[in-house]
Amino acid sequence: MPDKAEVFFDEGVLDFADVDEIVLDVGEEALAEALAHRHRRMIVFQGDEGKAEAAGVVTAGAADVLFDVRDRPISVLYVTDSLKEDTYARERYEEFRRVLEGFAEEANFEYELEALTFGGSKRALGTTWDLMVIDLSYDLDPDAIGRLVETVRGGGLVIFQTPPFDRWRNMWTAFHKSLVTPPYTLDHVGKRFNRRFIRKLKEHDGIWIVDTDEWTAEPEPSEDVDLEVEVKRRERPDLDPPDDAVVPEELYRMCATEDQFRALIRFEELLESNGKTALILTADRGRGKSALLGIAVAGAGVTTDVYDVVVTASEPENVAVLFEFLLEALRELGVEYDVERDDKGNIVYVETDDFVVEYERPSEASEIECDLMVVDEAASIHVPILERILDNNDKVVYSSTIHGYEGAGRGFSVRFLQNVRKRRDVRLIEFKMHEPIRYDPDDPIERWLFDTLLLDAEPADLDEEDLKCVKEMRVEFEKPDLRYWFEDPEGEEELRQFIGIYVMAHYRNRPSDVMVLADAPHHEAYALKTETGKIVTALQVAREGTIPRDVITKMRRGYRPPGNVIPDLMVQHHDALDFPRMKGLRIVRIATHPDIIRHGLGSRALKELAKIAKKKDYDWIGTGFGANEELTRFWLRNGFVPVHISPNRNPVSGEYSVAVIRPISEEAEEIINRANFEFRIKLADWLGETHRDLEPEVARLLFEPMSSLRYRPTLTEGQLRRLKKYADMVHTYEIAADAVRELAKAYFLDTEDRPELSEEEELLLITKCLQRWKWADVADFLGEEVPDLMRSLRDLVGLLYEEYKEDLQRSAAVEGIRKAVERLADKGLTGTVIVEVEEGEPKEVIIRREERLEL
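All values derive from a computational prediction rather than experimental measurement. (Residues numbered from 1 in each chain as written. Predicted model: local features only at pLDDT ≥ 70, side-chain atom pairs only at ≥ 80, totals over all residues. Heavy atoms only, no water.)

Undergrad: I tried to follow helix α23 (residues 629–637) on my own but got confused; where do I start?
TA: Think of an α-helix as turning once every 3.6 residues; residues three or four places apart then point the same way. The complete set of buried residues in α23 reads Thr632, Phe634, Trp635 and Leu636. Elements in contact with the buried residues of α23: β21 (583–592), α22 (601–615), β22 (620–626), β23 (641–645), β24 (657–663) and α25 (696–702). Backbone nitrogen of Glu630 and a side-chain oxygen of the N-cap are separated by 3.2 Å at the start of α23; the cap is Asn628. Gly639 sits one or two residues past α23 and shows a positive phi near 85°. (Buried < 20%, exposed > 50% of the residue type's maximum accessible area, 1.4 Å probe, protein only. Helix = DSSP H or I, 4+ residues; strand = E, 2+ residues; numbered from the N terminus. Contact = heavy atoms within 4.5 Å. Polar contact = N/O pair within 3.5 Å; in protein donor to acceptor, adjacent residues only side chain to side chain.)

Structure follows, in structure tokens:
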């Protein structure tokens, strides 16, 4: 391959398109800079006419040059909102392809063209492209842009096709249309994200904007561009593996950067360690972590006693690169293998004669013990699962993105990593990778991408005065002006502080979350700020409810109005048809600056939000969250009432989702209290089946009485007798378990004058009686001996029996009457039922038969 390139676009390419020569000038300058620095450059064609052909001209000219430089077919990716026939998007694609194909035949260069829609953009993850064209004429999908731009290699171009900026500033995209929720219309949707996106295109270096209606460029291409440039290439690290290396030398030679080489050495430290060891690999996106892991796993399997390797990530697509390089490494070593794929074509299992590698979802992986556990994109997995994985395995690799299109890495670093560093039973090996794989450092397009999508947003740095404000609670609750945040450069700092808190606090974030905040008509932001002006708590809410009656009727039949999560839940699970017409706020996210958590700021923010809700005549505030003990306690402490729990655990977080609502109006309070009562009744039964694995501490909190509704226990005469005999040490627990379960339900569901039990006693009732755990499992959980727990439960049942004795006897009497009436009815008789009661208990039922009366 030549060391120099003549970056000259053959003017013959213009024969295939009706565009101005300025397109060639911009394309030549952009490609020359890209090749000279091993960076990317971007060209934006904005206009109504000619942009698809202009994109084809630049792509064809660049492919012609790159074919000589790289001596192989040039890879081109075209991405648009739709590829269906008879659409404008397909028409633009065909115009682009016509120019590219025509010039390729004339100039005799080879290329490989693939087309994707934004919806299929995940397929591009792990791939690398020389040239990319993204058609933004109709849609602006932040998540897709975040994924796609990073897959272009240094020396290549990213080309956007957009509407004229003047129109784009005020245009609704397809993404915007997805934000419409009743009772709002498209007219209510904002365009702030578009305007910020356009402003960022103009602010950053390495980007040319060409107006295809006027054929002008900004900046104008230079007249003195040197068309012969030194082509900067990546040099593989010229390093020798350690003398005592375990991993084969061939795999060290596969490393594309020195960082990958050094990371492989740290991986060997993990393999050779004794006891529980965790290797933490962190980097920004595109640094080759996943590729390195695939190479490392191959090395471990063929040279050590590692046999079973489990790979986990939130989705199988996230480990596609890992498996790709695992197979490449095995081929490099001459190792034969078998592969299994899922129904989407993702590799999920690789087997060789020496070892196996299988993919598992995080919640399943957290229960597995294996020789080597590899957690890729750990930032997108909930912290409790990450911790369980380490508890169950001695050798674990955690790979985490710090900044990237998911923007989730800092939460992993702040929350999980700090916890691991405190553990004395874990040897921690940390390595951060800096060098990009596809392009050289300081790439201007990476800077543009991170800035535009706020991938590198971080909370404010807090000084002593800020911390003093927090300690003294000198904070103000404000509703920011989103137009100022997104459209005024001076609002940039506050926006970054706000989003930065989410990046650090939440285990999963996407660029589209920013666009929703900017433009969704029903979303609002609130912030708790110190007197010094720093944002310390970020709160995003969605207005829900006020749904018309005709829509409510459809909801009862299963219709789910978009953007109304809480009203939909209340109709589907509680048939509360009056609830959707009420006005409410759903808390989408709430997070506090990680340096000052547990200072009461979250509770203060909720208190202030409730004041605003009451002042504006809202009826309720609600939210949903992954239920753990800490979060459940937080929401209940702030007056939120549980009304629903999901039947299945979230496959990523491993937690059950709980919906809670805080009533504001009296009408809402009545409905919510009834819903809570029904929820607790269902939960008492679900704990014995679908929620047997729910954390007992969480179940105990969810049973906290929130209403004054009574629950009357119901036992038959036979159940009552067995219950008494169990309390009197005649029967074993197993004989009376059904009756004891009803007694336990009475305790957790009743709200009047119930006896005071300790936390351990309540957990004993939950685990043994409601969740029906084995005695040994209950003993392990409570840290007690089984015989002691058996005695404790018998004493506890005796106490509860005395407390609910009158209700239990009454229920048995009623049951006796019901059976007597049934016997009469079965014989076709009418009669009088007499119940003799002694000391509150039914002793005898007498039936005086009478002749049947014909009506």
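Moving on from the coordinates now.
Undergrad: I tried to follow the layout of surface pockets on my own but got confused; where do I start?
TA: Picture a little ball the size of a water molecule; that probe, rolled over the atoms, points out where space is still empty. Space inside the second largest pocket adds up to approximately 1,300 Å³. What lines the second largest pocket is a set of 45 residues, and nearest its centre among them are Thr128, Arg153, Phe325, Ile437 and Arg438. Of all the elements, helix α11 (residues 320–333) adds the most residues to the lining of the second largest pocket, at five residues. Split into classes, the residues belonging to the lining of the second largest pocket amount to 15 nonpolar, eleven polar and 19 charged. (1 Å grid on protein atoms, 1.4 Å probe; cavity = no way out; pocket = protein on both sides within 12 Å on 5 of 7 lines; lining within 4 Å. Points joined across faces, edges and corners; volume = space filled by probe spheres on them. Nonpolar A, V, L, I, M, F, W, Y, C, P; charged D, E, K, R; others polar.)

Undergrad: Is there a simple way to explain the sheet that holds strand β17 (residues 427–433) in this structure?
TA: Whether parallel or antiparallel, the strands of a sheet pair through hydrogen bonds between backbone atoms. An order of β12-β13-β14-β11-β15-β16-β10-β17 is seen for the eight strands of this open sheet, with the pairing classed as mixed. Each having just a single partner strand, β12 (338–341) and β17 make up the two edges of the open sheet. The average angle at which neighbouring strand axes cross in this sheet is 15°, direction not considered. In the sheet, strand β11 (residues 308–312) pairs with strand β15 (residues 372–375) via four bridges, with the strands oriented parallel. Within β15, the residue paired with Val309 across the bridge is Leu372. Along the sheet, helix α13 (residues 383–392) makes contact with β10 (277–283), β11, β15 and β16 (395–401), crossing β16 at roughly 155°. (Pairing = 2+ DSSP bridges. Axes fitted to C-alpha atoms, helices over the stretch in contact; angles between N-to-C directions.)

Undergrad: Just checking my understanding: could you explain the sheet that holds strand β2 (residues 41–46) for this structure?
TA: Ordered by their spatial adjacency, seven strands build an open sheet running β4-β3-β5-β6-β2-β7-β8, and the pairing between neighbours is mixed. The open sheet has two edge strands, β4 (111–117) and β8 (216–218), and neither has a second partner. Ignoring which end each strand starts from, the neighbouring axes of this sheet average 15° apart. Pairing of strand β5 (residues 129–135) with strand β6 (residues 152–162) involves six bridges; the strand directions are parallel. Each residue of the ladder has a partner; that of Leu131, found in β6, is Leu157. The strands that helix α1 (residues 22–37) touches are β2, β6, β7 (207–211) and β8; relative to β2, the one it contacts most, it runs at about 160°. Each of β2, β6 and β7 touches helix α7 (residues 192–203); the most contacted strand, β7, lies at about 115° to it.

Undergrad: Would you mind showing me how to read the packing of helix α24 (residues 666–686) against helix α27 (residues 733–749) here?
TA: For any two helices packed against each other, one specifies the crossing angle of their axes together with the interaxial distance. The interhelical angle for the contact between α24 and α27, taken along N-to-C directions, is 150°, at an axis separation of 10 Å. Classified by the interaxial angle, the pair formed by α24 and α27 is roughly antiparallel. Here α24 runs over α27; the crossing is right-handed. Every residue of α27 that contacts α24 at Phe677, Arg680, Ile681, Ala684 and Asp685 is listed here: Lys745, Phe748 and Leu749. Its residues placed into classes, the contact of α24 with α27 shows five nonpolar, no polar and three charged. (Parallel < 35°, antiparallel > 145°, perpendicular 65-115°, else oblique. Left-handed = near helix turned anticlockwise from the far one by under 90°.)

Undergrad: I'm lost on unusual backbone geometry in this one. Help?
TA: Of all residues except glycine, most have a negative phi; of all peptide bonds, most are trans. Between Pro182 and Pro183 the backbone carries a cis peptide bond, its omega angle lying at 5°. Topologically, Pro183 is positioned in the loop between α6 (174–177) and α7. Residue Glu218 is joined to Pro219 through a cis peptide bond whose omega torsion reads -5°. Within the fold, Pro219 resides in the loop between β8 and β9 (228–230). Even without being a glycine, Thr546 presents a positive backbone phi close to 50°. Among the residues examined, Thr546 registers a relative accessible area of 35% and is labelled partly exposed. The backbone of Met729 shows a phi angle near 65°, a positive value even though the residue is not glycine. Mapped onto the secondary structure, Met729 falls in the loop between α26 (717–727) and α27.

Undergrad: Can you help me understand helix α16 (residues 464–471) in this one?
TA: For α16, the full list of buried residues reads Asp466, Cys469 and Val470. Projected down its long axis, α16 carries its buried residues within an arc of 100°, all on one side. Exposed side of α16, more than 90 degrees from the buried face: Glu464 and Lys471 are the residues found there. Backbone nitrogen of Glu465 and a side-chain oxygen of the N-cap are separated by 3.1 Å at the start of α16; the cap is Asp463. Within two residues after α16, Met473 carries a phi angle of roughly 55°, on the positive side. (Arc of directions from axis to C-beta.)

Undergrad: How should the confidence of the model for the protein be read in this particular structure?
TA: Do not read the fine detail of predicted coordinates wherever pLDDT is low. Of the residues in the protein, 93% have a pLDDT of 70 or more, and the chain-wide mean is 91. Note on residues 850–855: pLDDT is under 50 here. Beyond four places in sequence and across chains, it has six contacts. (pLDDT = per-residue confidence, 0-100.)

Undergrad: How should the pattern of salt bridges be read in this particular structure?
TA: Between side chains of opposite charge, pairing is possible as soon as their charged atoms come close. What the rule picks out here adds up to 68 salt bridges. Close ionic contact of Arg41 with Glu33 constitutes a salt bridge, the shortest N to O distance being 2.8 Å. According to the relative accessible area criterion, Arg41 is buried, its value standing at 6%. Of the charged contacts in the structure, one is a salt bridge between Arg97 and Glu94, with a shortest N-O distance of 2.7 Å. Pair noted here: Arg97 and Glu94 are both in helix α3 (residues 88–107), with a separation of three residues, about one helical turn. Looking at Arg97, the relative accessible area reads 25%, which means it is partly exposed. Via salt bridges that share partners, Arg196, Arg199, Lys200, Glu203, Asp451, Asp456, Glu492 and Arg496 belong to a single interconnected network. (Salt bridge = Lys/Arg side-chain N within 4 Å of Asp/Glu carboxyl O.)

Undergrad: Looking at this model, I keep getting lost on the environment of Leu454. Mind explaining?
TA: Note that Leu454 resides in the loop between α15 (444–452) and α16. Not counting chain neighbours up to four residues away, the residues in contact with Leu454 comprise Arg196, Leu449, Glu492, Leu495, Arg496, Ile499 and Val514.

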